[in-house]
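Survey of secondary and tertiary structure
Each chain, written out:
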Amino acid sequence: MEDLGPVAWPPEPIRTERLVLREPETQDRAAFIELLASPEVHLYLGGPRPRDELEREMSGAPERWPGSFVVDLDGAMIGQILLRRTPGHHRPAAAGKADLGYLFLPRVWGFGYAAEACAAALDWLADQLPGEPVVLTTQTANVGSMRLAAKLGFTEVERFEAWGAEQWLGMWSCSEG
């Protein structure tokens, strides 16, 4: 995983109609642990991490790094958006491109927060790195993630088998978004 290059970090918080995308803060620790330990969130991501292990590893504030946004609703973390460059991606079509990832707490699924937050992050990236293509990979069995990719304007590049399941690789560019 590499950073996004010449992007100034951290940016000013990104505000949408209902959300704020910002850097992680100490008060987000419990929500990060809940997110990473959730069986529902990690159903298509290889399974959750053990809560006790997370409690030990994340003794203080969550780690801050370029491309990691907390999604904040009314002062509380509800998810995370990740924008990172993937030089060693296992699919040649994705190598070296910016990669979009997202995790949201199950209690906020179905309200459009993921689409709102991801669209804001993509718009921000398009302003920072005009013309930068972005890739997204998800299991085809993850219906919600497939719907979100389509809503955001990702177009299919390929499907492939990995980790014992069919995967979908899509691409987005600001001209499509």
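Here the structure is shown first, and the text comes after it.
Calculation rules
- Residues numbered from 1 in each chain as written.
- Predicted model: local features only at pLDDT ≥ 70, side-chain atom pairs only at ≥ 80, totals over all residues.
- Heavy atoms only, no water.
- Helix = DSSP H or I, 4+ residues; strand = E, 2+ residues; numbered from the N terminus.
- Polar contact = N/O pair within 3.5 Å; in protein donor to acceptor, adjacent residues only side chain to side chain.
- Contact = heavy atoms within 4.5 Å.
- Salt bridge = Lys/Arg side-chain N within 4 Å of Asp/Glu carboxyl O.
- Buried < 20%, exposed > 50% of the residue type's maximum accessible area, 1.4 Å probe, protein only.
- Pairing = 2+ DSSP bridges.
- Axes fitted to C-alpha atoms, helices over the stretch in contact; angles between N-to-C directions.
- Parallel < 35°, antiparallel > 145°, perpendicular 65-115°, else oblique.
- Left-handed = near helix turned anticlockwise from the far one by under 90°.
- Nonpolar A, V, L, I, M, F, W, Y, C, P; charged D, E, K, R; others polar.
- Core = buried A, V, L, I, M, F, W, Y, C linked by side-chain atoms within 4.5 Å.

**A look at the side chain of E23**
- Relative to the helices and strands, E23 resides in the loop between β2 (19-22) and α1 (29-37).
- Within the structure, the side chain of E23 is placed 3.4 Å from the side chain of W9, a separation counted as a polar contact.
- A polar contact of 3.1 Å, which involves the side chain of E23, links it to the side chain of R64.
- Once residues lying within four places of it in the same chain are set aside, the contact partners of E23 are W9, P10, D28, R64 and V70.

**A look at the pattern of salt bridges**
- Tallying each qualifying case throughout the model produces 15 salt bridges.
- The partner of E53 in a salt bridge is R49, with the nearest N and O atoms 2.9 Å apart.
- When its relative accessible area of 26% is taken as the criterion, E53 is described as partly exposed.
- E57 is the salt-bridge partner of R49, the closest N and O atoms lying 2.4 Å from each other.
- Note on E57: relative accessible area 53%, which makes it exposed.

**A look at the pairing of strand β7 (residues 155-162)**
- Inspection of the sheet shows β7 paired to strand β8 (residues 165-172) by seven bridges, in the antiparallel sense. Each residue of the ladder has a partner; that of T155, found in β8, is M171.
- Hairpin geometry of β7 and β8 is characterised by an intervening segment of two residues between the two adjacent antiparallel strands and by a positive phi of about 55 degrees at W163.

**Overview of the packing of helix α3 (residues 113-128) against helix α4 (residues 143-152)**
- Two numbers describe how α3 lies on α4: the axes approach to 10 Å, and their chain directions differ by 45 degrees. One element, α3, and the other, α4, form an angle in the oblique class. Once α3 is placed against α4, the crossing between them reads as right-handed. Where α3 approaches α4, its residues A114, A115, C118, A119 and L122 are matched on the opposing element by L148, K151 and L152.
- Taken together, the residues that form the contact of α3 with α4 break down as seven nonpolar, no polar and one charged.

**Brief notes about the nonpolar core**
- In terms of nonpolar packing, the biggest core is built from 36 residues, with I81, L100, F104 and F154 touching the most fellow members.
- For this core, the secondary-structure elements that each account for two or more residues are β2, β3 (68-73), β4 (76-85), β5 (98-104), α3, β6 (134-139), α4 and β8.
- With ten residues, α3 is the single largest residue contributor to this core.
- Not counting the four nearest positions on each side in its chain, L100 is found in contact with I81, L82, L83, C118, L122, V134, V135, L136, L152 and F154.
- By size, the runner-up hydrophobic cluster in this structure holds 13 residues, among which are A37, L54, M77 and L105.

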